[in-house]
Amino acid sequence: MTTIIDGKAVAAVLREKVASVVAQIGAQQGVQPALAVVLVGEDPASQIYVRNKHAATEKSGMRSIAHKLPAETSEDEVVALVRKLNEDEAVDGILVQLPLPDHISPDRVINEIHPDKDVDGLTEANAGRLMLGKDGLVPCTPQGSVILVKTVTEKLSGLHAVVVGRSILVGKPLSMLLLAENCTVTMAHSRTKDLASVCREADILCAAVGVPRLVKGDWVKKGAIVIDVGINRIEENGKKRLVGDVDFDAAKENAGAITPAPGGVGPMTIACLLRNTALAAARRRGVAVTV
Ligand code: NDP
């Protein structure tokens, strides 16, 4: 029997834990943790993401502060806002919604965020901490992916993990997290030779590629844990739909456990953003919590 990993259910449990941590911070410090979100321009997908993050933040008991700036805002003005939020005692987390308009360097803006408020975990400081195995704020999607693996087995040590994709947002941090769990990690990418054979070696196979159903059923070793990070919009039989980077129907025949897409990693991303915000608030305010 293949386990279908229910990301929505796992995310719901995590969000409840976050809400109780938020209540604990409120009871001990008399403050309501706050997440500030900076959105520049009118990108429709970004507007939906920001709306969803706002609703989820408020639902967890935290304050959500939206800064919506027109597309023509200069890089210096965005940097000035980030610096102001860094200084603002009431703000625990800062998220700059990507992509930014072309005239603004995401690198410069992201790295202006104070590492202790960097709830997306994308600053060079937090990437460095992850690499060095030090406490920091970890990018949300990779963090959510590892939580999903752990719903299947706590014994990750010694397992061979293959991560397909080496982006800064997903593939690299996910590989680092699995390494920290003592997995033997292979990072695969567009230049990897015989990707199918590499994937067949995996006890844990993670796909973060952006190519619909790249990973075929016979690339999956019997009993492997398959984590599909991909979200791809395709048109099939005249209908628009979302599919992952794994051919789910075929892969589930071999997998021991597999995430659906959508409904797997996706819901974990926002839940881990809330977790990071609660953790950032607790650390800054000296409240000991586990979440
Ligand atoms: P990127 O485009 O930044 O990175 C894609 C990676 O896949 C690259 O490392 C690239 O290799 C590799 N790649 C591309 N084509 C192939 C191929 N044919 N064979 C092997 N490797 C290949 O994407 P992201 O990491 O940002 O996102 C990956 C997927 O995850 C996307 O579908 C995205 O929508 C989804 N996503 C989902 C999230 C969620 O919340 N569930 C959050 C973030 C992303 P190379 O480096 O050699 O070019």
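Owing to the predicted nature of the structure, the values given are computational and were not obtained by experimental measurement.

Draft legend 1. Quick look at unusual backbone geometry. Between L98 and P99 the backbone carries a cis peptide bond, its omega angle lying at 5 degrees. One can find P99 in the loop between β4 (93-96) and α4 (106-112). The omega torsion of the bond from A261 to P262 falls at 5 degrees, within 30 degrees of zero and hence cis. Structurally, the position occupied by P262 is in the loop between β11 (257-258) and α10 (265-284). Look at N182: it is not a glycine, yet its phi comes out positive at around 70 degrees. Note on placement: N182 falls in the loop between α7 (171-180) and β6 (184-188). Positive phi is not limited to glycine here, since D194 has a value of about 50 degrees. Tracing the backbone through its elements, the reader meets D194 in the loop between β6 and α8 (195-200). With relative accessibility at 49%, the residue D194 sits in the partly exposed group.

Draft legend 2. Layout of the side chain of T141. Within the secondary structure, T141 is located in helix α6 (residues 140-152). On the basis of relative accessible area, T141 is assigned to the buried category, the value being 16%. In terms of polar contacts, T141 uses its side chain to reach the side chain of T269, at 3.0 Å. Once residues lying within four places of it in the same chain are set aside, the contact partners of T141 are V170, V229, V265 and T269.

Draft legend 3. Representation of the pairing of strand β7 (residues 204-207) within the structure. Side chains I204 and C206 of β7 all project onto a buried face; the interleaved residues L205 and A207 project onto the opposite face, where all are buried too. Of the strand pairs in this sheet, strand β5 (residues 160-164) and β7 are connected by 4 bridges, and their pairing is parallel. By the bridge assignment for β7, A161 is matched with I204. In this sheet, strand β8 (residues 225-228) lies alongside β7 in parallel orientation, the contact comprising 4 bridges. Counterpart to A207 in the pairing with β8 is D228.

Rules of the game
Residues numbered from 1 in each chain as written. Predicted model: local features only at pLDDT ≥ 70, side-chain atom pairs only at ≥ 80, totals over all residues. Heavy atoms only, no water. Helix = DSSP H or I, 4+ residues; strand = E, 2+ residues; numbered from the N terminus. Buried < 20%, exposed > 50% of the residue type's maximum accessible area, 1.4 Å probe, protein only. Polar contact = N/O pair within 3.5 Å; in protein donor to acceptor, adjacent residues only side chain to side chain. Contact = heavy atoms within 4.5 Å. Pairing = 2+ DSSP bridges.

These figures come from the coordinates and say nothing about function on their own.
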